[in-house]
Amino acid sequence: QVQLVESGGGLVQAGDSLRLSCAASGRSFSTTAMGWFRQAPGKEREFVAAISGSGRSTDYTNSVKGRFTVSRDNAKNTVYLQMNSLKPEDTAVYYCAARGALGRSILTTNSREYSYWGQGTQVTVSS
């Protein structure tokens, strides 16, 4: 059973920064692609960022490119989302996700291709 625990959310002002962390269980972390998704009230779940198992490849939704950076520390079984220049439209619950055995190391923007999910952490950005 893969378990993911997000942390680092909070209430900040527009222009501020936050770093989200996702602590993962399992020995296969270093070969597992990880993703970040978010969901705001009244909106569909949205892809934010992803990173391959090796860390060599990353992908971002257009609205966060240049502001957010996804990274990982395999020695710590942790993936991070550094969020800079936050905007009110970034307000959402942010979820960490891990791929399953099929295509484990390959990043994807499709939430249906992730098998494990954290509980979410709230990010609120005031104007």
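A brief report on the enclosed structure follows. (Residues numbered from 1 in each chain as written. Predicted model: local features only at pLDDT ≥ 70, side-chain atom pairs only at ≥ 80, totals over all residues. Heavy atoms only, no water.)

**What about the pairing of strand 1 (residues 4-7)?**
Working note: regular strand, side chains alternate between the two faces of the sheet.
Phase 1 of the analysis: Of the two faces of strand 1, only the one carrying Leu4 and Glu6 is buried; Val5 and Ser7 on the other face are not.
Phase 2 of the analysis: Sheet analysis places strand 1 next to strand 3 (residues 18-24), joined by 4 bridges and oriented antiparallel. What sits directly across from Val5, in strand 3, is Ala23. (Buried < 20%, exposed > 50% of the residue type's maximum accessible area, 1.4 Å probe, protein only. Helix = DSSP H or I, 4+ residues; strand = E, 2+ residues; numbered from the N terminus. Pairing = 2+ DSSP bridges.)

**Section: the environment of Val79**
Phase 1 of the analysis: Mapping Val79 onto the fold places it in strand 8 (residues 78-83).
Phase 2 of the analysis: Residue classification places Val79 among the buried positions, given a relative accessible area of 1%.
Phase 3 of the analysis: In this structure the C-alpha to C-alpha distance between Val79 and Arg112, which are 33 residues apart in sequence, comes to 20 Å.

**Side note on the state of the cysteines**
Phase 1 of the analysis: Summed over all chains, the structure comprises 1 disulfide.
Phase 2 of the analysis: The disulfide partner of Cys22 is Cys96, and the gap between their sulfur atoms is 2.1 Å. Taking the torsion about the S-S bond as the criterion, the Cys22 to Cys96 disulfide, at about -80°, is left-handed. Of the two residues, Cys22 sits in strand 3 while Cys96 sits in strand 9 (residues 92-99), which places them 74 residues apart along the sequence. With respect to class, Cys22 is no different from Cys96; both count as buried. (Disulfide = S-S within 2.5 Å.)

**A closer look at the sheet that holds strand 8**
Phase 1 of the analysis: Read from one edge to the other, the open sheet built from 4 strands follows the order 1-3-8-7, with strand pairing classed as antiparallel. Since the sheet does not close on itself, it has two edges, and those belong to strand 1 and strand 7 (68-73), each with one partner. Direction aside, neighbouring strands of the sheet carry axes that sit 15° apart on average.
Phase 2 of the analysis: Bridge count between strand 3 and strand 8: 6 bridges; the pairing is antiparallel. Following the sheet pairing, Cys22 is matched in strand 8 by Val79. (Axes fitted to C-alpha atoms, helices over the stretch in contact; angles between N-to-C directions.)

**A short note on the pairing of strand 7**
Phase 1 of the analysis: On strand 7, burial follows the alternation: Phe68, Val70 and Arg72 on one face are buried, whereas Thr69, Ser71 and Asp73 on the facing-out side are not.
Phase 2 of the analysis: Examined bridge by bridge, strand 7 and strand 8 share 6 bridges and lie antiparallel to one another. Each bridged residue has a counterpart across the sheet, and for Thr69 the counterpart in strand 8 is Gln82.
Phase 3 of the analysis: Where strand 7 folds back on strand 8, the antiparallel hairpin that results is connected by 4 residues, among which Asn77 adopts a positive phi of roughly 50°.

**Topic: the environment of Phe37**
Phase 1 of the analysis: Assignment of secondary structure puts Phe37 in strand 4 (residues 34-39).
Phase 2 of the analysis: As for Phe37 and Ser111, which are separated by 74 residues in sequence, their C-alpha atoms are 7.9 Å apart.

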